[in-house]
Amino acid sequence: MLILTDYWVWDFWLADDGEQFHVFFLHAPRALGDPDLRHVNARVGHATSPDLVHWTRVVDALAPGEPGSVDDVATWTGSVVADPAGGWRLFYTGLAQHGQGHVQRITSATSPDLLTWTKDPSWLLAPDGEWYAIGADVAAGDETGDTWRDPWVYADPGGDGWHMLVTARAAGGPHRDDGVVGHAWSPDLRSWTLRPPLSRPGAGFQHLEVFQVEVVDGRAVLLFSCLPGQTTPERLSRDGAAGTWIVPAGGIVGPFDAMKARPFTDNRHYSARLLQDRASRWVMLAFLDAGPDGFVGAISDPHPVRWLGDDLVTDPVEQLRRPAGCTDG
């Protein structure tokens, strides 16, 4: 487990250099007192592990930028890919001050070694208004401005460039039910073109966030997260309180039928990620959200996953009680 004594840890993503697993995670000081304040105090931490269990924290990857920059409030969730041209590229969410509120935009940083990161201030991806809602949705409970975050970048399986999935809202979608899988495409990880959403609104979700798409034991699956308070009453009545959801898919480039979403974790576990361990077994990690004493803020140990019919299931995970002794390793 990755738990830090002085910091809450939540959304995260992973990279594998062949020798070490790298986890990039959002963190904010526990000294803030109120866990809700973590969102506007987030920066991207970094730790490495040989086995996904024992972690060594290294220097933070990203911190908020100067006033007026795309990330002058906080650095939010993203993903890392190896660049065929050399090095690594991190796509992440920049949260910036915008009038009396905030605005979310996708931006990027590069690294030769996964350890030292340089922001690319010339690169920015914003919603266009044709397919995606623009502007604060305060009435729907989103006071951070545009819903445009959590880029998940992966190579096209047929060799046709790269895809990016983005947490977005459909332009003109139904109130509190307009969450969609935003989509952009690139030939080279540098120039990107917006494309229509890969899902339809009206599936019961205010947002579909923290995406991942993988082929697990020969079957494609989309993961996203959404807490009970951001689902419609109909969805909550049907599926109960979930944290991470799965959508079985025909392929990893979509489209994805969010109406077929099924709970993958309960609402104590959020932002679940899938990857293969050193034995090539598929495992799941999640951040520990709601515990008996409130927000936990740590990353779980890995747990094996398997298909059971059309459901992806995992072994029972640990009870979410904050350990008496919290360490940085």
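Residues numbered from 1 in each chain as written. Predicted model: local features only at pLDDT ≥ 70, side-chain atom pairs only at ≥ 80, totals over all residues. Heavy atoms only, no water.

Time to look at the overall build of the protein. In terms of regular secondary structure, the protein is built from 1 helix and 21 strands. For a compact globule of 329 residues, the expected C-alpha radius of gyration is about 20 Å, and the protein comes in at 18 Å, within 12% of that figure. For the C-alpha atoms alone, the extent of the protein along its principal axes is close to 50 × 45 × 45 Å. Looking at the protein as a whole, 52% of its 329 residues are labelled buried. Here the contacts in the protein between residues at least 6 apart in sequence split such that 54% fall between residues at least 24 apart. Of the roughly 13300 Å² that the protein leaves accessible, carbon and sulfur atoms contribute 52%. (Helix = DSSP H or I, 4+ residues; strand = E, 2+ residues; numbered from the N terminus. Rg over C-alpha atoms; globule rule 2.2 N^0.38 Å. Buried < 20%, exposed > 50% of the residue type's maximum accessible area, 1.4 Å probe, protein only. Contact = heavy atoms within 4.5 Å. Areas by Shrake-Rupley, 256 points an atom, 1.4 Å probe, with all protein chains shown as cover.)

All right, on to the layout of surface pockets then. In this structure, the second largest pocket encloses a volume near 540 Å³. Together, 24 residues line the second largest pocket, and Leu14, Val80, Trp152, Gln212 and Glu214 are the ones closest to its centre. Those elements that provide at least two residues to the lining of the second largest pocket are strand 1 (7–16), strand 5 (74–82), strand 9 (148–155), strand 13 (209–216) and strand 17 (269–276). Here the residues of the lining of the second largest pocket sort into 18 nonpolar, 3 polar and 3 charged. (1 Å grid on protein atoms, 1.4 Å probe; cavity = no way out; pocket = protein on both sides within 12 Å on 5 of 7 lines; lining within 4 Å. Points joined across faces, edges and corners; volume = space filled by probe spheres on them. Nonpolar A, V, L, I, M, F, W, Y, C, P; charged D, E, K, R; others polar.)

For the rest of this paragraph, the subject is the pattern of salt bridges. Within this structure, the stated rule accounts for 15 salt bridges. Close ionic contact of Asp83 with Arg190 constitutes a salt bridge, the shortest N to O distance being 2.8 Å. Of this pair, Asp83 sits in the loop between strand 5 and strand 6 (88–98) while Arg190 sits in the loop between strand 11 (179–186) and strand 12 (193–195), placing them 107 residues apart in sequence. Through salt bridges with shared partners, a single ionic network connects Asp83, Arg89, Asp120 and Arg190. (Salt bridge = Lys/Arg side-chain N within 4 Å of Asp/Glu carboxyl O.)

Counting buried positions over the 9 residues of strand 5 gives 8, a clear majority of the element. Between strand 5 and strand 6, which follow one another and run antiparallel, lie 5 residues, and Gly86 among them has a positive phi close to 120 degrees. (Pairing = 2+ DSSP bridges.)

Pairing is antiparallel in the open sheet, where 4 strands are placed in the order 9-10-11-12. Two strands close off the open sheet at either side, each with one partner strand: strand 9 and strand 12. The mean angle between the axes of side-by-side strands here comes to 30 degrees, regardless of whether they run parallel or antiparallel. Two elements, strand 11 and strand 12, share 3 bridges in a ladder whose sense is antiparallel. (Axes fitted to C-alpha atoms, helices over the stretch in contact; angles between N-to-C directions.)

On to the nonpolar core. Counting 40 residues, the largest nonpolar core has Val23, Phe24, Phe25, Trp55, Val80, Trp117 and Ile299 as the members making the most contacts within it. Per-element accounting of this core gives the leading share, 7 residues, to strand 1. With near-sequence residues (within four places) excluded, Phe25 lies in contact with Leu2, Leu4, Val9, Asp11, Phe12, Arg43, Val44, Gly45, His46, Ala47, Arg57 and Ile299. Core analysis: the second largest hydrophobic core is formed by 22 residues, Tyr154, Leu198, Val213 and Ala242 among them. (Core = buried A, V, L, I, M, F, W, Y, C linked by side-chain atoms within 4.5 Å.)

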